[in-house]
Amino acid sequence: MKMVSSLLLLHLAASPTLALPSTSAPRQNTFQHPGIFVSQAQLDSTKAHLAAKANPWRAAYSALDDLPWTKPSWGPSPVATVRCEDPGTPEHDQEQGCEEERLDALAAYSLALRWAYTGNDTYAAKAITIIDAWSGTLKEHVSSSAPEQPGLQSGWAASTWTRAAEILRYTDANWDTGSITRFSGILRDVYLPLVRDGSADNPNNIDSAMLEAAQNIAVFLEDRTLYDAVMERAKLHIASYIYLKSDGSFPKIPEWTTKYLTEARVRALWQSDGSFFDGRTMETCRDLEHASYGLASISHMFETARIQGEDLYTTGLGSKLQTALEMHAQYAAGGPVSSEVCGGQLKYELLPVAEPGYAQFVGRLGRSMPKTKAFVEGSRPAKPNYLFTAWETLTHAS
Ligand SMILES: *[C@@H]1O[C@H](CO)[C@@H](O)[C@H](O)[C@H]1NC(C)=O
């Protein structure tokens, strides 16, 4: 930080007429670290709440103890070829390393958080062991039954791996340089090619997960060009994934796809249900669980962008996220709803994905989200989803 500000001063001194940009938030030239979903300030804040034995953080930390994969006794199960198959096919029996990879990534993240909050290096050492075991083994992701699976799996796993790795790398956890380089290598060579452009023909939660991973990888690799390209693409994704009446009578067409360029195709993508209402996502009328995945990844991208100096919460995309969270919170339990909403029936339930958005829109910006408040407080501590989301009351409650 010191070096950056003195460089900036030098630059200003050399160009006396240079005015600071006033039109938008200042754009940092360097990346903030730790800067993937959880900042140092957020780690410190939770740590202070835990020291004061305050809830909901205390109960959220205790919930870690209920699961074996948050403990130093957890051992990694790396494979060279991760194979994820469609559950409805015979190939499903031949899955390999698929759940294991996601769970090991969640284990590394849980242990990294424990380390950050307690300073106990037993946790850091185990998190590092798990990451190193995978980066020393993993070569590829494949599927013979579901072409989108390798990218989706990479999206989920790399989103979580990078969250863990970012904390370990920037908190004096004793992660050696060679291992960091090797981990950076699998991010660039194994994961990034499958996620960097998002999904061409699944502009739903699959796209959200891939773009979250790509954004995180850009931060970890400190690749500004990649970061900017991913954010540009992510904004198109978010704009078309969440509908507001201010979009017009029809959701935004996902222009980067090949399959969804006409209104008829987009209508089919939105479950052929013409009831476009404020805050509806592309997947709300499919079921609340898939909508939760999309909203979770989008919330994660908002947080990482905020830490990296871009406040999306106060933009039009922020209005979309806020409206979507409040609308979904109202119907969190699913089941029968008013007939204008998805024909009067919502499948499954909303997962506890609203902590980060609630902390920012309400805690920081002082907006009112009564339904989200009730949902967030009623679902604490937020449970992990076993794919890519975990411990968000612990990390983000405000
Ligand atoms: C660190 O954590 C380990 C594993 O939970 C525990 O056995 C050990 O007593 C802890 N060390 C300290 C200093 O608290």
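Our structure's up above, just so we're on the same page.
Residues numbered from 1 in each chain as written. Predicted model: local features only at pLDDT ≥ 70, side-chain atom pairs only at ≥ 80, totals over all residues. Heavy atoms only, no water.

Going through the model one piece at a time under the given rule, you end up with two disulfides. Note on cysteine connectivity: C84 is disulfide-linked to C98, with sulfurs 2.1 Å apart. For the disulfide bridge between C84 and C98, the dihedral angle about the S-S bond is near 110°, and by the sign convention the bridge is right-handed. Residue C84 is found in the loop between β3 (81-83) and α4 (98-118), and its partner C98 is found in helix α4; the two are separated by 14 residues along the sequence. The burial state of C84 is the same as that of C98; both residues are buried. With a sulfur-sulfur separation of 1.9 Å, C285 is cross-linked through a disulfide to C342. (Disulfide = S-S within 2.5 Å. Helix = DSSP H or I, 4+ residues; strand = E, 2+ residues; numbered from the N terminus. Buried < 20%, exposed > 50% of the residue type's maximum accessible area, 1.4 Å probe, protein only.)

Counted by the stated rule, this structure contains 15 aromatic pairs. Seen from their ring centres, F31 and Y227 are 5.6 Å apart, and the 75° between their planes marks the pair as edge-to-face. Of this pair, F31 sits in the loop between α1 (2-14) and β1 (35-36) while Y227 is found in helix α9 (residues 224-241), placing the two residues 196 residues apart along the sequence. By relative accessible area, Y227 is classed as buried at 2%. An aromatic cluster is built from Y243, F250, W270 and F276, whose rings are joined through pairwise contacts. Note that R163 overlies the ring of Y109, its terminal NZ or CZ placed 5.4 Å from the centroid. A cation over a ring is seen here: R224 above F31, with NZ or CZ 4.4 Å from the ring centre. (Phe/Tyr/Trp six-rings, centres within 6.5 Å; stacked < 30°, edge-to-face > 60°. Lys NZ or Arg CZ within 6 Å of the ring centre and 35° of its normal.)

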